[in-house]
Structure formats: structure tokens, C-alpha cells
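Spelled out from the first residue to the last, the chains are:
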Amino acid sequence: MFWILCAALAALAAAYVLRPLFTEPKAALDIDLLAETELDRLLDRKTVIYHNLKDLEFEYAMGKLSDADFHRLETDHKNDAAIILGKLDQLGASEGLDDSIEKEIASRKDKLFSPRPGRAPEALRCPSCGAEVIAGKKFCADCGQRL
Ligand SMILES: [Zn+2]
């Protein structure tokens, strides 16, 4: 009986000690997924502004706002929206957002899975003697021509 208790205690202790080994990777992944990008921030902001604009139109339709107030607030919101859309355009993301995300994923996959650095399989040649030269060198090793 005593030995069974000991074994049970040991098993419990082992489970307690080893638990972080199995939970840690998932937590790290969550943090990675939750990291907010500039794009996420702008898209959130855009959604909020559109929502506010709809609220504003609703309240105006309900007669809660004067014409002057409505037009002033509407202009404010639309200016904000224009700024956000401009920033999204700079990120290349306002239209074809899915496309740009797909491109980003594809380019990252390329970098991750292609062993060749860059995309220059064709050898560089010296313009003077035609000998093969190493990229980044300033002079041809064969004839001394400046590259
Ligand atoms: Zn040369």
C-alpha cells in the first residue's frame, strides 16, 4: 500500500514538473499570432470609422442631430476615413487585400523553402574578358577589369 502511494505521488510530481514542456510551445505560438501589425491597426480603425458614420446617419435620420451638427461630424468622419484609406493604399492593401496577403505569404514561403540565395542562377561575366566573376567583387580576377 505504501509503495503504491509513493508511486502515485511520484507520478503526480512528474506530471506537474513536465507540464510546462508540453504547454510552452502553444503559448509562444499564440503570442506570435496575436502580434498586431500596422495593417491590422489600420483595418480596425477603418471599421470603427465606418461604424461611427453609420451611427451618425442613423441618429440624424432619427432627428437627434441638427443639419449643421450632422454635416460637421460627417465631414470629420469622412476626413478620418480618407486618411486611413490613404495609409492603407500606401501599404498596398485597400483593394485586393487578399491578393496582397497571398503574395506576402508566397514570398515568405519562397524565402523559407528555397535554398538558393536570391534569384541569380546565371553566372556573372566580366565585360572585358568574359571570365566568370564572383558577385560583389570590384575587379575581374582574370584581367583586372573594374566591374
Ligand atoms: Zn576580365
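Above this text sits the structure in question.
The model shown is predicted, which means the values in this text are computed figures rather than measured ones. (Residues numbered from 1 in each chain as written. Predicted model: local features only at pLDDT ≥ 70, side-chain atom pairs only at ≥ 80, totals over all residues. Heavy atoms only, no water.)

## Focus on the coordination of the zinc ion
Every protein donor of the zinc ion is listed here as C126 (SG), C129 (SG), C140 (SG) and C143 (SG), and their distances to the metal cover 2.2 to 2.4 Å. One way to put it: the four donor atoms around the zinc ion meet at angles of 106 to 116 degrees, and that makes the site tetrahedral. Here the donor residues of the zinc ion share one chain and are spaced in sequence as C-x2-C-x10-C-x2-C. Linking C126 in the loop between β1 (124-125) and β2 (132-133) with C140 in the segment after β2, this pair joins segments that are 14 residues apart in sequence. Both residues of the pair, C126 and C140, count as buried. (Donors = N, O, S within 2.8 Å, 3.2 Å for Na, K, Ca; no water. Tetrahedral: all angles 85-135°; square planar, octahedral: opposite > 155°, others 65-115°. Helix = DSSP H or I, 4+ residues; strand = E, 2+ residues; numbered from the N terminus. Buried < 20%, exposed > 50% of the residue type's maximum accessible area, 1.4 Å probe, protein only.)

## Some words on the nonpolar core
Within soluble globular proteins, side chains that are nonpolar generally end up buried alongside one another. Grouped together as the largest cluster of nonpolar side chains are five residues: L42, I49, A81, I84 and L88. Contributing elements (two or more residues each) for this core: α2 (38-61) and α3 (67-90). (Core = buried A, V, L, I, M, F, W, Y, C linked by side-chain atoms within 4.5 Å.)

## Let's talk about the pattern of salt bridges
Inspection of every chain in the model, using the stated rule, returns five salt bridges. Residues K78 and E74 are paired through a salt bridge, measuring 3.2 Å at the closest nitrogen-oxygen approach. A residue pair is termed a helical-turn pair when its members lie 3 or 4 positions apart in one helix, as K78 and E74 do in helix α3 at four residues. By relative accessible area, which is 43% here, K78 ends up partly exposed. (Salt bridge = Lys/Arg side-chain N within 4 Å of Asp/Glu carboxyl O.)

## Here we look at the packing of aromatic side chains
Per the stated rule, a full pass over the model turns up one aromatic pair. Measuring from centroid to centroid gives 4.0 Å for Y60 and F70, while their planes differ by 10 degrees, and the two rings are stacked. Highlighted residues: Y60 in helix α2 and F70 in helix α3, separated in sequence by ten residues. With a relative accessible area of 28%, Y60 lands in the partly exposed category. (Phe/Tyr/Trp six-rings, centres within 6.5 Å; stacked < 30°, edge-to-face > 60°.)

## Points about α2
For α2, built from 24 residues, the straight-helix expectation of 34 Å at 1.5 Å per residue is met to within 8% by its first-to-last C-alpha distance of 35 Å. For α2, every residue scored as buried is listed here: L42, I49, L53 and L56. Turning to α2, the residues buried within the fold contact α3. Directly after α2, the chain includes G63, whose backbone phi takes a positive value near 80 degrees. (Expected span 1.5 Å × (residues − 1). Contact = heavy atoms within 4.5 Å.)

## Side note on α3
If you check α3, its first and last C-alpha atoms are 34 Å apart, about what 24 residues at 1.5 Å a residue would give, namely 34 Å. Taken residue by residue, α3 has F70, E74, H77, A81, I84 and L88 as its buried positions. Buried residues along α3 sit against α2.

## Some remarks on a nonpolar patch on the surface
Taken together, the side chains of Y16, V17, L18, L21 and F22 define a hydrophobic patch exposed on the protein surface, amounting to about 630 Å² of accessible area. With respect to the helices, strands and loops of the structure, L18 is situated in helix α1 (residues 2-34). For L18, a relative accessible area of 40% translates into the label partly exposed. (Patch = residues over 30% accessible without salt bridge, like charges linked within 9 Å, V, L, I, M, F, W, Y side chains within 5 Å. Areas by Shrake-Rupley, 256 points an atom, 1.4 Å probe, with all protein chains shown as cover.)

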